[in-house]
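Listed below are the residues making up each chain.
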Number of protein chains: 2
Amino acid sequence: MAAELTAHELIARHRPTLDQALEAIRTRAYWSPHPEHPKAYGENGSLDLAAGKAAFDALLGTRIDLGQPGTDGWVDGETSPYGIELGTSYPHADLDVLLPAMKAGMRAWRDAGAEVRAVVCLEILKRISNRTHEFAHAVMHTSGQAFMMAFQAGGPHAQDRGLEAVAYAYVEQVRTPDTAEWTKPQGKRDPLALTKQFVPVPRGIGLVIGCNTFPTWNGYPGLFASLATGNAVLVKPHPRAVLPLALTVQVAREVLAEAGFDPNLVALAAERPGEGIAKTLATRPEIRIIDYTGSTEFGDWLETNARQAQVYTEKAGVNTVLVESTDNYKGMLSNLAFSLSLYSGQMCTTPQNLLIPREGISTDQGPKSYDEVVADLAQAVDGLLGDDARANALLGAIVNPDVKARLEAAAGLGEVALASREITNPEFPGAVVRTPVIVKLDGSKPDAEAAYMSECFGPVSFAVAVDSAGDALELLRRTIREKGAMTVGAYTTSPEVEDGVREVCLEEAAQLSLNLTGGVYVNQTAAFSDFHGSGGNPAANAALCDGAFVANRFRVVEVRREA
Amino acid sequence: MAAELTAHELIARHRPTLDQALEAIRTRAYWSPHPEHPKAYGENGSLDLAAGKAAFDALLGTRIDLGQPGTDGWVDGETSPYGIELGTSYPHADLDVLLPAMKAGMRAWRDAGAEVRAVVCLEILKRISNRTHEFAHAVMHTSGQAFMMAFQAGGPHAQDRGLEAVAYAYVEQVRTPDTAEWTKPQGKRDPLALTKQFVPVPRGIGLVIGCNTFPTWNGYPGLFASLATGNAVLVKPHPRAVLPLALTVQVAREVLAEAGFDPNLVALAAERPGEGIAKTLATRPEIRIIDYTGSTEFGDWLETNARQAQVYTEKAGVNTVLVESTDNYKGMLSNLAFSLSLYSGQMCTTPQNLLIPREGISTDQGPKSYDEVVADLAQAVDGLLGDDARANALLGAIVNPDVKARLEAAAGLGEVALASREITNPEFPGAVVRTPVIVKLDGSKPDAEAAYMSECFGPVSFAVAVDSAGDALELLRRTIREKGAMTVGAYTTSPEVEDGVREVCLEEAAQLSLNLTGGVYVNQTAAFSDFHGSGGNPAANAALCDGAFVANRFRVVEVRREA
């Protein structure tokens, strides 16, 4: 088919952005082409707040028909954690038809080369960016994130992570030149001379297994890394968070077709309730790459069983903040209170265990006992969430009944320093909104250990009393090594303790935030600069985003002949 | 300890070479700092031919004491395929002592940074290079390679592959800067500002499992890739090829100590006969990286069972050359004859199956029937090996009794077009020297398929009659997909057939050499330019050398704080 969008046009349009992204991953200074402010949208083809809301409303109750081959029925969609029925439905795929159809366009996609693939990916991201307001509602009503977070994390930040993956994929593919002339001297004889061609070739079909809480943010890196390296990509969304990824697939298919490629290079695999197609898909021979975000149990299953594929997993971990001393007690408390509250603690990066010496800590406001620190933190959380409107804007909704059940059970694990309370969302009365619980635990008690050494995903944190900073470091090390950690935080004014926590994090490969007291939180990472996870501890076998995340999604085939 | 070799001195000495290597892997033009000619040695501290031989002779009958912790006995060494007793012995390790000792120096090695690690590795390679003549004998008398090949492939070419791995490792680690200042605008408010530090951290101990045929060439990439990325490295040589790697470990330990690092960062694990320590080692929790060259069976075992480690394998494959047409019949025959003869076909890259249309091929000397092509090839091999001295120089010795047994059995698999004959090596009467056998097989016969679809490692090739070029392409595809291939060759003057074979190789990820008729052979690859294997078919899950080979040997840990 004749391309509506020529390669030339796409390169002209997006190469400058690609170059900026390449520079950003090299310097790791701040950069983003995707505006974070809702009011930045509405011009140059992007939907503003009202238009985005209208576009979302128009989706409700509709069938999202992606025009995929092998569609053998329709799957009902998800229910919003805010209590509204989305009423959307999605194609169900006959894999024996869909997967071969996805492979049909791979040769042309491979032959297009790294640069064209990159700019096609950037066009997809640009069109998603234009619909950020619409996506924000889709993310909000599947993940339970509050609107502003769904807008930012599900919109620009997710798009940043996708673009970052495209940049890494591009640079990895062009490390080897397309051709080389190789001439080896042979003394007095004629030199040996070969002409060599190097072609990045894809592995096959990449499978993206989406999660409930961050369908776009966690889904885009794998999707774009695989697509940009020449693979087809099948997206298997979490059954409770289909819409944002269905829209993503729709945009990708539209752009691919306009650029003259087979739209079936990107497809959706929605599943019927209880169908559990992830295991079936993950072991299909056509699937050669898997990107997964979710439970440790299924991540481990994939790593063990999907042997035909490269498997990139982000699983669960137990995140720790060491609270040893601070010269900004107030800043520390407010920073921690925000971290614990944001999206009801339903981030893989939210701190769970706060390790506090039982004799207390030194601060700029004098020594504070363990009990005082915990009480002051509880008060800080209470203050932050005292106003219901603000609380709703920060907490969002509890994403599913499992989280609610864990929250309710947590109060029985120890002395409750801050009880969770129910908050009403006047706009969405069906939303389950809860403030975080903080539970005191004695680090030396075995029954307490059973609690704090397990991930308790949701708005639950444990104030763990430890014997000393040294004791805390040992517990930190053991926690990362045995349970994994996406993040580690530490508050200390002691150079020795700082060295100690830094060394533990280097040895156990965990990302460390030190003494955050302002507007950056341990649970937030910025694309192009911060690594999300390390890939070196049990919480994840990959980091977003680095060379290792992209380098094995393709192989380089050499064709050589005499010159 | 005070370093005799300062970082400053090592950087001054080796940074120019590192920079040239970095440029070479980018352009993939010809480059090597390691001379291929035996007479190039003897100055600037390197051993010349006589001194190298004397140094090797002095090793015979000695105990190679590496001064390793946990040495609990001595392991007798190998017997040369040339029939001489080496009489060397090596330390046997108590792993519960050695492995912890190897970890002790890792922090300092990590903190030294990527550049210092690179130049320490280059110093190790330089000292090995100076002893190339000595290593040549060690490789010859373990692998059975003829002297000239042992000298080149075991010396400069192996050193090139090691240096290439160091270059890839270095560039991968410095893609992320050591530090970054991140400043995010906040409209009218103060910007958010963080100072970020990025530290490449090692995974742990890398295990190199050596092979019998190319102990240094196949061992150095993994050894240097792991060491240069901050890991300690334990070398487990093949029981028949210990000496070259024991000497390598000795040099590495000497350089590490002189540079002020713990020599135990590199150690040897020699095994007692039948001890089979590879499985034990491969699943030790301290072992986080494995580089393996050898059988498919054990490679698959490692990939399945050594789940705590990153596993890089080069296994077996079935290499194919498609013979469809040529405009240089004589050049093709002599090129193929050399490829089949070199080191008695005991290279993982040696062609095994020659696919030839049963109606024959077109050549610059007119049409040639299948029988003619096979007979002419047999004659070319015969001519090449007609002189015993030349034959000995090309064939080397049969490396072990298994290869000899396979060679003898091969004659029973079909009609013998060229019989293997025994050659006497006057210098080493104990050497088992055999010329290659060529067996005719009908590609359409099921019993023939059982033969040509299995790897028959050694001086055995099959002239497989196929129905057509299309039939050959399908068989090529199936062979690569099911059995893997390190190399593919093709002779064709037809653009359609060339396109077809190219497409099969791109889709199945196999490295292709087209129409080689001169002094470059399908079984040879040059570091810095050619990829050895693709990592994309069953013969190997990694390629030498690319970003994927090094990117996951370390992780990057970020430490961030408010600016």
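Only a predicted model underlies this, so the values are computations on that prediction, with no experimental measurement involved.

What counts and how
- Residues numbered from 1 in each chain as written.
- Chains lettered and ligands numbered in written order.
- Predicted model: local features only at pLDDT ≥ 70, side-chain atom pairs only at ≥ 80, totals over all residues.
- Heavy atoms only, no water.
- Pairing = 2+ DSSP bridges.
- Helix = DSSP H or I, 4+ residues; strand = E, 2+ residues; numbered from the N terminus.
- Axes fitted to C-alpha atoms, helices over the stretch in contact; angles between N-to-C directions.
- 1 Å grid on protein atoms, 1.4 Å probe; cavity = no way out; pocket = protein on both sides within 12 Å on 5 of 7 lines; lining within 4 Å.
- Points joined across faces, edges and corners; volume = space filled by probe spheres on them.
- Nonpolar A, V, L, I, M, F, W, Y, C, P; charged D, E, K, R; others polar.
- UniProt positions renumbered as here; feature names shortened; annotations may be inferred.
- Contact = heavy atoms within 4.5 Å.
- Buried area = accessible area lost by both parts, 1.4 Å probe.
- Salt bridge = Lys/Arg side-chain N within 4 Å of Asp/Glu carboxyl O.
- Polar contact = N/O pair within 3.5 Å; in protein donor to acceptor, adjacent residues only side chain to side chain.
- Least-squares fit on C-alpha atoms with pLDDT ≥ 70 in both.
- Domains from an automatic or database assignment.
- Phe/Tyr/Trp six-rings, centres within 6.5 Å; stacked < 30°, edge-to-face > 60°.
- Buried < 20%, exposed > 50% of the residue type's maximum accessible area, 1.4 Å probe, protein only.
- Lys NZ or Arg CZ within 6 Å of the ring centre and 35° of its normal.

As for the sheet that holds strand β12 (residues 415–418) of chain A
Now for step 1: Taken together, the 10 strands give an open sheet; going across it, the order is β12(A)-β15(A)-β16(A)-β11(A)-β10(A)-β17(A)-β18(A)-β19(B)-β4(B)-β3(B), and neighbouring strands pair in mixed fashion. Only two strands of the sheet have a single partner each, and these edge strands are β12 of chain A together with β3 (179–186) of chain B. Direction aside, the axes of adjacent strands within the sheet are offset by 25° on average.
Now for step 2: Pairing geometry for strand β10 (residues 320–323) of chain A and strand β17 (residues 488–491) of chain A, over 4 bridges, is parallel. What sits directly across from A:Thr320, in β17(A), is A:Val488.

A short note on empty space enclosed by the protein
Now for step 1: In this structure the tally under the stated criterion is 15 cavities of 30 Å³ or more.
Now for step 2: Within this model, the largest cavity holds a volume of roughly 170 Å³.
Now for step 3: Lining the largest cavity are 22 residues, and of these B:Asn218, B:Tyr292, B:Thr293, B:Glu314 and B:Leu544 lie nearest its centre.
Now for step 4: Here the residues of the lining of the largest cavity sort into 13 nonpolar, 7 polar and 2 charged.
Now for step 5: Estimates place the volume of the second largest cavity at around 130 Å³.
Now for step 6: A:Tyr292, A:Thr293, A:Glu314, A:Leu544 and A:Phe549 are the residues nearest the centre of the second largest cavity, which is lined by 16 residues in total.
Now for step 7: When its residues are assigned to classes, the lining of the second largest cavity shows 9 nonpolar, 5 polar and 2 charged.

Regarding the UniProt feature "domain: Aldehyde dehydrogenase" (unreviewed entry) in chain A
Now for step 1: UniProt's entry tags residues 93–476 of chain A with the feature "domain: Aldehyde dehydrogenase" (unreviewed entry), counted in the numbering of this structure.
Now for step 2: Secondary structure content for residues 93–476 of chain A is 47% helix and 20% strand, while the C-alpha to C-alpha distance between its ends is 45 Å.

Here we look at the interface of chain B and chain A
Now for step 1: The partner chain A presents 78 residues to the 78 residues of chain B that form the contact.
Now for step 2: Buried area between chain B and chain A, both sides added, is near 6,200 Å², and the carbon and sulfur share of it is 46%.
Now for step 3: Joining chain B to chain A, the criterion identifies 16 salt bridges.
Now for step 4: One salt bridge in this structure joins B:Arg175 and A:Glu172, with 2.7 Å as the shortest N-O distance.
Now for step 5: At the junction of chain B with chain A, the criterion picks out 51 residue pairs in polar contact (both at pLDDT 80 or more).

Quick word on the relation of the copies chain B and chain A
One copy of the chain maps onto the second through a rotation about an axis and a displacement along it.
Now for step 1: Once chain B is rotated about the relating axis by 180° and shifted along it by 0.0 Å, it coincides with chain A to within an RMSD of 0.0 Å. Both chain copies can therefore be described as sitting about a two-fold axis. Rotation axis and chain B: the residue whose C-alpha lies nearest the axis is B:Ala548, separated from it by 3.2 Å.
Now for step 2: When you check the interface residues of chain B against chain A, 100% turn up at the interface there too, and the contact is symmetric in its surfaces.

Looking at the sheet that holds strand β8 (residues 287–293) of chain B
Residue and element names in this part refer to chain B.
Now for step 1: With respect to topology, 5 strands assemble into an open sheet ordered β7-β6-β5-β8-β9, the strand pairing being parallel. Each edge of the open sheet carries a strand with a single partner, namely β7 (266–268) and β9 (310–314). In this sheet, neighbouring strand axes are inclined to one another by 15° on average, regardless of whether the strands run parallel or antiparallel.
Now for step 2: Running at roughly 145° to strand β6 (residues 232–236), helix α3 (residues 95–104) makes contact with β5 (205–209), β6, β7 and β8 of the sheet.
Now for step 3: Contacting β6 and β7, helix α9 (residues 243–258) runs over the sheet at an angle of about 150° to β7.

Details of the domain arrangement of chain A
Residues and elements named next belong to chain A.
Now for step 1: On domain assignment, one finds that chain A holds domain 1 (7–21 + 62–177 + 203–315 + 543–555) and domain 2 (320–514).
Now for step 2: The interface is formed by 17 residues belonging to domain 1 together with 20 residues belonging to domain 2.
Now for step 3: Together, the buried faces of domain 1 and domain 2 total about 1,300 Å²; carbon and sulfur atoms form 67% of this surface.
Now for step 4: Contact with domain 2 buries surface across domain 1, with Pro81, Tyr82 and Met149 losing the most and accounting together for 34% of the total.
Now for step 5: The interface formed by domain 1 and domain 2 includes 2 residue pairs in polar contact (both at pLDDT 80 or more).
Now for step 6: Of the residues forming the side of domain 1 that touches domain 2, the biggest block, 4 residues, is contributed by helix α5 (residues 132–143).
Now for step 7: Its residues placed into classes, the side of domain 1 that touches domain 2 shows 7 nonpolar, 8 polar and 2 charged.

Considering the packing of aromatic side chains
Now for step 1: For the structure on display, the rule yields 26 aromatic pairs over all chains.
Now for step 2: A centroid spacing of 5.5 Å and a plane angle of 70° characterise the contact between B:Tyr292 and B:Phe298, whose relative ring orientation is edge-to-face.
Now for step 3: Taking relative accessible area as the criterion, B:Tyr292 reaches 7% and is therefore assigned buried.
Now for step 4: Here B:Phe298 falls in the buried class, since its relative accessible area comes to 16%.
Now for step 5: Joined through ring pairs, the aromatic side chains of A:Tyr41, A:Phe147 and A:Phe151 make up one cluster.
Now for step 6: Across the ring face of A:Phe549, the terminal group of A:Arg553 is positioned such that the distance to the ring centre comes to 4.3 Å.

A few points about the environment of B:Gln379
Now for step 1: Of note, B:Gln379 is situated in helix α13 (residues 370–384).
Now for step 2: Between the C-alpha atom of B:Gln379 and that of B:Leu333, which follows or precedes it by 46 residues, the distance is 9.0 Å.

Some remarks on the pairing of strand β2 (residues 89–93) of chain B
Residues and elements named next belong to chain B.
Now for step 1: In terms of burial, β2 is largely enclosed, as 5 of its 5 residues are buried.
Now for step 2: Note that strand β1 (residues 71–76) and β2 share 5 bridges and pair antiparallel. Note that in β2 the partner of Val75 across the bridge is Tyr90.

Side note on the side chain of A:Arg284
Now for step 1: Relative to the assigned elements, A:Arg284 resides in the loop between α10 (277–282) and β8 (287–293).
Now for step 2: Look past the residues within four positions of A:Arg284 in its chain and what remains in contact with it is A:Leu95, A:Asp96, A:Leu99 and A:Gln308.

Observations regarding unusual backbone geometry
Now for step 1: Across the junction of A:Leu544 and A:Cys545, the peptide omega takes the value -5°, indicating a cis bond.
Now for step 2: With respect to the helices and strands, A:Cys545 occurs in the loop between β18 (512–514) and α19 (547–551).
Now for step 3: With a phi close to 60°, A:Ala509 is a non-glycine residue in the positive phi region.
Now for step 4: Locating A:Ala509 in the fold gives a position in the loop between α18 (495–508) and β18.
Now for step 5: Residue A:Ala509 is classed as buried on the basis of its relative accessible area of 5%.
Now for step 6: Of note, B:Phe528 is a non-glycine position whose phi angle comes to about 70°, a positive value.
Now for step 7: Within the secondary structure, B:Phe528 sits in the loop between β18 (512–514) and α19 (547–551).

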